[in-house]
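Spelled out from the first residue to the last, the chains are:
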There are 2 protein chains.
Amino acid sequence: MTDTQLDTQIRTQLVNHEVRYTSGRKRVVAAIVAADGPRSAAELHETLGRGVPLSSLYRSLSVMADAGVLSPHHSSKGVTRYELSEWLVGHHHHLVCTSCGAVDDIELPTEAEAALERLVAGAADTGGFTSTGHALEIEGRCSQCT
Amino acid sequence: MTDTQLDTQIRTQLVNHEVRYTSGRKRVVAAIVAADGPRSAAELHETLGRGVPLSSLYRSLSVMADAGVLSPHHSSKGVTRYELSEWLVGHHHHLVCTSCGAVDDIELPTEAEAALERLVAGAADTGGFTSTGHALEIEGRCSQCT
DNA sequence: TTCCTTGCAAACGATTTGCATTGGA
DNA sequence: TCCAATGCAAATCGTTTGCAAGGAA
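Definitions and limits used
Residues numbered from 1 in each chain as written. Chains lettered and ligands numbered in written order. Predicted model: local features only at pLDDT ≥ 70, side-chain atom pairs only at ≥ 80, totals over all residues. Heavy atoms only, no water. Domains from an automatic or database assignment. Contact = heavy atoms within 4.5 Å. Buried area = accessible area lost by both parts, 1.4 Å probe. Salt bridge = Lys/Arg side-chain N within 4 Å of Asp/Glu carboxyl O. Polar contact = N/O pair within 3.5 Å; in protein donor to acceptor, adjacent residues only side chain to side chain. Helix = DSSP H or I, 4+ residues; strand = E, 2+ residues; numbered from the N terminus. Nonpolar A, V, L, I, M, F, W, Y, C, P; charged D, E, K, R; others polar. Pairing = 2+ DSSP bridges. Least-squares fit on C-alpha atoms with pLDDT ≥ 70 in both. Near = heavy atom within 4 Å. Axes fitted to C-alpha atoms, helices over the stretch in contact; angles between N-to-C directions. Parallel < 35°, antiparallel > 145°, perpendicular 65-115°, else oblique.

Chemist: An account of the domain arrangement of chain A is requested, with residue identities and associated values reported.
Modeler: All names here are of chain A. You can read the domains of chain A as domain 1 (1-90) and domain 2 (91-146). Facing twelve residues of domain 1, the contacting portion of domain 2 comprises eight residues. Between domain 1 and domain 2 the total buried area reaches about 850 Å² when both faces are included, carbon and sulfur atoms providing 41% of it. The three residues of domain 1 that bury the most area against domain 2 are Asp36, His73 and Glu86, which together make up 40% of that side's buried surface. Our count for the contact surface shared by domain 1 and domain 2 stands at zero salt bridges. There are eight residue pairs in polar contact (both at pLDDT 80 or more) connecting domain 1 and domain 2. For the side of domain 1 that touches domain 2, the secondary structure elements donating two or more residues are β3 (80-84) and α5 (86-89). The class makeup of the residues in the side of domain 1 that touches domain 2 is two nonpolar, five polar and five charged.

Chemist: Before we move on, can you summarise the interface of chain A and chain B with the specific residues and values?
Modeler: Buried accessible area, meaning the area lost when the parts come together, often serves as the stated size of an interface. Each partner contributes to the interface: chain A provides 35 residues, whereas chain B provides 35 residues. Roughly 2700 Å² of surface becomes buried between chain A and chain B when both sides are summed, with 67% attributable to carbon and sulfur atoms. Among the residues chain A hides against chain B, the three largest losses belong to A:His74, A:Leu119 and A:Phe129. Together they make up 22% of the total. In this assembly, chain A and chain B are joined by zero salt bridges. Mapped by element, the contributors of at least two residues to the side of chain A that touches chain B are β4 (93-97), α6 (110-123) and β6 (130-141) of chain A. When the residues that make up the side of chain A that touches chain B are grouped by side-chain class, the tally is 17 nonpolar, 14 polar and four charged. Sheet analysis places β6(A) next to strand β6 (residues 130-141) of chain B, joined by eleven bridges and oriented antiparallel. Across the sheet, A:Ile138 pairs through a bridge with B:His134, a residue of β6(B).

Chemist: Break down the relation of the copies chain A and chain B for me, citing the residues and quoting the values.
Modeler: When chain A is brought onto chain B, the operation consists of a screw motion whose angular component is 179° and whose axial shift is 0.0 Å, with 0.1 Å RMSD remaining. Read as a symmetry element, the transformation amounts to a two-fold axis. When the interface residues of chain A are mapped onto chain B, 100% of them again fall at the interface, so both copies present the same face.

Chemist: How would you summarise the protein's contact with DNA strand D if you had to cite specific residues and measurements?
Modeler: Around DNA strand D lies a shell of 17 residues, among which A:Tyr58, A:Arg59, A:Thr80, B:Arg25 and B:Arg59 are the nearest. Sugar plus phosphate, as a fraction of atoms of DNA strand D within 4 Å of the protein: 60%. A distance of 2.5 Å separates a phosphate oxygen of DNA strand D from a polar atom in the side chain of B:Arg25. Contacts to DNA strand D include B:Ser55, whose side-chain N or O atom sits 3.5 Å from a base nitrogen. Only α4 (54-66) of chain A together with α4 (54-66) of chain B provide two or more residues apiece to the surface near DNA strand D.

Chemist: How would you explain the packing of helix α2 (residues 23-34) of chain B against α4(B) if you had to name every residue and give the values?
Modeler: Residue and element names in this part refer to chain B. Where α2 meets α4, the closest approach of the two axes is 10 Å, and the angle between their N-to-C directions is 75°. Looking at the two axes, α2 sits roughly perpendicular to α4. Note on element contacts: α4 touches α2 through Leu57, Ser60, Leu61, Val63 and Met64, opposite Arg25, Val28, Val29 and Ile32. Looking at the contact of α2 with α4, its residues break down into seven nonpolar, one polar and one charged.

Chemist: Before we move on, could you go through the environment of A:Val63 and cite the residues and values that matter?
Modeler: All names here are of chain A. Along the chain, valine 63 turns up in helix α4. Taking the C-alpha atoms as reference points, valine 63 and histidine 17, 46 residues apart in sequence, are found 9.6 Å from one another. Sequence-distant contacts of valine 63, that is, excluding residues within four places in its chain, are made with Val19 and Arg25.

Okay, structure coming up:
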């Protein structure tokens, strides 16, 4: 199986954490890459056609998150969705549908992102809190839920 | 029992939704008001000294959220925290500790908030998505977790 | 061969719900 | 009085884990 550029980065990162990039995990990553936003274990289980049992899915997700390849995201009720970490796909934000809970990626224009960073830098670091990052969620209704 | 101004707003809102503002619910609201950020059922159960059983707590939280008095917030793994809705306490954002999961409120300076709103307005409304609000999470380490 | 990974089933923790009882308007 | 609220226990739901079998280095 020919590794894409992305696969190579991921494999390297995993190997550095003594984690194997197995075919099952490759399928999981592929499903996440194909999605346009973070996905939950259940959603992935659905798109992977039951070929990967839930428990393995959960384990793969957690292992790859520990290795820094995936990042967890919490938005709708009790479900954790995963996406590729930002060092792999770049910094971005999310559009969250308050009706169905769907989450889509959105990248801000460079000037907007810069403004946001300035703003966060100015506001954080209050009372002993040290900021290490930020996440902007734009809430609304997605096209399906109008 | 003397209602504060806030209690009155809440009672009115609840009554409009045929929901009663009982003493138990008042205690829940008081605990949330006393906190400086959203709180989970478990955390409230703790501070309320076991006087309110968990199941009732969950029920109260969900009923008051449906009535628009409380707003749910999802950040750390599988726990839902509630806070007073913004029409009661004003618009604000959150400082989230990536280590312990604690969440604190933070209010942006007016100009910063205005800038943020402009930024969101410009970025959203992409591909059929209609934005109705935004939430900024500033991630980092709280004073306890340094 | 040595470990990591996989699968299945059982275990968990957070949250929800059925039902009989209590309490508020 | 009448219907919503409460408590307890049982049920759910998403997620985790123990353990034996399979697979990659």
